[in-house]
Amino acid sequence: MKILKSLFISTLLRITLFSATTQGGTFEIYNSCPYTVWAAVVPGGGQTLNTGETWTLNVLNSTPGRIWARTNCTFNNSGKGSCQTGDCNGALQCTTYGAEPVTLVEYSLNQNNIDFLDISLVDGFNVPVELSRPSSGCTGVIRCTADINGECPDMLRAPGGCYNPCTLFKTDQYCCTSGGGCEPTDFSKFFKDRCPNAYSYPKDDKTSLFTCLRGSNYRVVFCP
Ligand SMILES: *[C@@H]1O[C@H](CO)[C@@H](O)[C@H](O)[C@H]1NC(C)=O
Ligand SMILES: *[C@@H]1O[C@H](CO)[C@@H](O)[C@H](O)[C@H]1NC(C)=O
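Please read these numbers as outputs of a predicted model, since none were measured by experiment.

K.L.:
Is there a simple way to explain the state of the cysteines in this structure?
P.N.:
The bond known as a disulfide is covalent and runs between the sulfur atoms of two cysteines. Inspection of every chain in the model, using the stated rule, returns seven disulfides. Between Cys-73 and Cys-83 runs a disulfide, and the two sulfur atoms are separated by 2.1 Å. Disulfide Cys-73-Cys-83: torsion about the S-S bond near 105°, hence right-handed. Taken together, the residues Cys-73 in strand S5 (residues 65-75) and Cys-83 in strand S6 (residues 81-85) connect sequence positions ten residues apart. There is no split in this pair, since Cys-73 and Cys-83 are both buried. Paired through a disulfide, Cys-176 and Cys-182 show a sulfur-sulfur distance of 2.0 Å. The S-S bond linking Cys-176 to Cys-182 shows a torsion near -65°; that makes this disulfide left-handed. For the pair shown, Cys-176 and Cys-182 are each scored as buried.

K.L.:
Would you take a moment to explain the pairing of strand S10 (residues 141-144) for this structure?
P.N.:
Regular strands have side chains that alternate between both faces of the sheet. Alternating residues of S10 divide into Ile-142 and Cys-144, all buried, and Val-141 and Arg-143, none buried. In the sheet, strand S9 (residues 129-132) pairs with S10 via four bridges, with the strands oriented antiparallel. Looking at the pairing, Val-129 lines up with Cys-144 of S10.

K.L.:
Is there a simple way to think about the site of ligand 2 in this case?
P.N.:
The environment of ligand 2 is formed by Tyr-35, Asn-72 and Gln-84. Within the contact set of ligand 2, an oxygen atom lies 2.2 Å away from a side-chain nitrogen or oxygen of Asn-72. Protein contacts shield 42% of the accessible area of ligand 2, which totals 360 Å² for the unbound molecule.

K.L.:
Whenever I open this one, the sheet that holds strand S1 (residues 25-31) confuses me. Can you help?
P.N.:
The strands making up a sheet are joined through hydrogen bonds of the backbone, oriented either antiparallel or parallel. Taking strand neighbours across the sheet as the criterion, the five strands line up as S4-S1-S15-S9-S10 in an open arrangement whose pairing is mixed. Every other strand in the sheet has two partners, leaving strand S4 (54-59) and S10 as the edge strands with one partner each. Strand-to-strand twist in this sheet, taken as the mean axis angle between neighbours without regard to direction, amounts to 15°.

K.L.:
Whenever I open this one, unusual backbone geometry confuses me. Can you help?
P.N.:
What you tend to see is this: most non-glycine residues have negative phi, and most peptide bonds are trans. The omega torsion of the bond from Val-42 to Pro-43 falls at 0°, within 30 degrees of zero and hence cis. As for its position among the elements, Pro-43 is in the loop between strand S2 (37-42) and strand S3 (45-49). In the segment running from Glu-100 into Pro-101, the intervening peptide bond is cis, with an omega of 0°. Within the secondary structure layout, Pro-101 lies in the loop between S6 and strand S7 (104-111).

K.L.:
What exactly am I supposed to notice about the environment of Phe-169 here?
P.N.:
Following the sequence through the fold, Phe-169 ends up in helix H3 (residues 165-169). The class for Phe-169 is partly exposed, based on a relative accessible area of 31%.

K.L.:
Can you help me understand the side chain of Arg-66 in this one?
P.N.:
Looking at the element boundaries, Arg-66 is found in strand S5. Those residues in contact with Arg-66 that lie beyond four places of it in its chain are Ala-40, Val-41, Val-42, Tyr-97, Leu-104, Val-105, Glu-106, Tyr-107 and Asp-123.

K.L.:
Is there a simple way to explain the nonpolar core in this structure?
P.N.:
Nonpolar side chains in soluble globular proteins generally cluster together in the buried interior. Within the largest apolar cluster, 43 residues are counted, with the highest numbers of intra-cluster contacts made by Phe-27, Ile-29, Ile-67, Leu-131, Ile-148, Val-220 and Phe-222. For Ile-148, the residues in contact, after removing those within four places along its chain, are Leu-121, Phe-125, Cys-162, Phe-190, Phe-191, Arg-194 and Cys-195.

K.L.:
Help me out: how do you make sense of the environment of Ser-135 in this one?
P.N.:
Mapped onto the elements, Ser-135 comes out in the loop between S9 and S10. Classification of Ser-135 as partly exposed rests on a relative accessible area of 37%. C-alpha of Ser-135 to C-alpha of Asn-217: the two residues are 82 residues apart in sequence and 7.3 Å apart in space.

K.L.:
What am I meant to see in the pairing of S7 here?
P.N.:
Of all eight residues that make up S7, eight are buried, and the element is covered over most of its length. As paired strands, S5 and S7 are joined by three bridges and run antiparallel to one another. The residue of S7 that forms the bridge with Gly-65 is Tyr-107. Looking at chain direction, S7 and strand S8 (residues 114-120) are connected through six bridges and run antiparallel.

K.L.:
Even after reading the chapter, I still don't get helix H5 (residues 186-194), so can you show me in this structure?
P.N.:
Because an α-helix packs 3.6 residues into every turn, residues spaced three or four apart end up facing the same way. Of all the residues in H5, the buried ones are Phe-187, Ser-188, Phe-190, Phe-191 and Lys-192. Contacts made by the buried residues of H5 are with helix H2 (148-151), strand S12 (161-162), H3, helix H4 (172-175) and strand S13 (198-199).

So, how was this worked out
Residues numbered from 1 in each chain as written. Chains lettered and ligands numbered in written order. Predicted model: local features only at pLDDT ≥ 70, side-chain atom pairs only at ≥ 80, totals over all residues. Heavy atoms only, no water. Disulfide = S-S within 2.5 Å. Helix = DSSP H or I, 4+ residues; strand = E, 2+ residues; numbered from the N terminus. Buried < 20%, exposed > 50% of the residue type's maximum accessible area, 1.4 Å probe, protein only. Pairing = 2+ DSSP bridges. Near = heavy atom within 4 Å. Polar contact = N/O pair within 3.5 Å; in protein donor to acceptor, adjacent residues only side chain to side chain. Areas by Shrake-Rupley, 256 points an atom, 1.4 Å probe, with all protein chains shown as cover. Axes fitted to C-alpha atoms, helices over the stretch in contact; angles between N-to-C directions. Contact = heavy atoms within 4.5 Å. Core = buried A, V, L, I, M, F, W, Y, C linked by side-chain atoms within 4.5 Å.

So, in structure tokens, the structure goes:
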């Protein structure tokens, strides 16, 4: 996630009602998929979510984090194993980010009273996801629910998911690593056409980064 602080300075100056506290946010993670997912949050850990199950967790202020679903996992009694998508070094309790391809929910809460949120396809796609704030005061629901796995270009196909081209080709054109201008590509447009509110390439901030006033409770739904 690229946080364009300068865009929000005028907003920040207008917010005087809230003083900085250590209060974090809450994420309610719900599995609506017809299959089990192994939810992962870093920092946070992991949890098996059968269809219809919820995991509620508190997250820290100011620490950027990400949430994703892992699929087709097996773990032994010590919480060691592997997943077809989203695997985090074979651990049920993730402490490292998940292997691509994986649909990401990214957050950075209470950056001077603003929560920053996005859905990112920069690491590809595995499971459809929706991010919303159930209480009032913050606009909108962000979602990425297209059949990206089904429509994935042959070159990007993966077992259980669809790669972002940066993962496979690692070029500046797709990964935007040089710091210069970086434009959409045919591959990034494939993702953007299907999920207009999600990051399709790293410099896709304008239409993909969302903000809320801090102190929010958020809901993440897999397969909404
Ligand atoms: C679980 O798997 C890990 C890694 O393969 C192994 O080291 C550990 O002994 C296993 N634990 C159990 C209880 O089977
Ligand atoms: C799990 O793996 C099986 C066998 O490869 C596949 O048919 C199924 O679609 C996978 N499930 C998910 C949720 O990706």
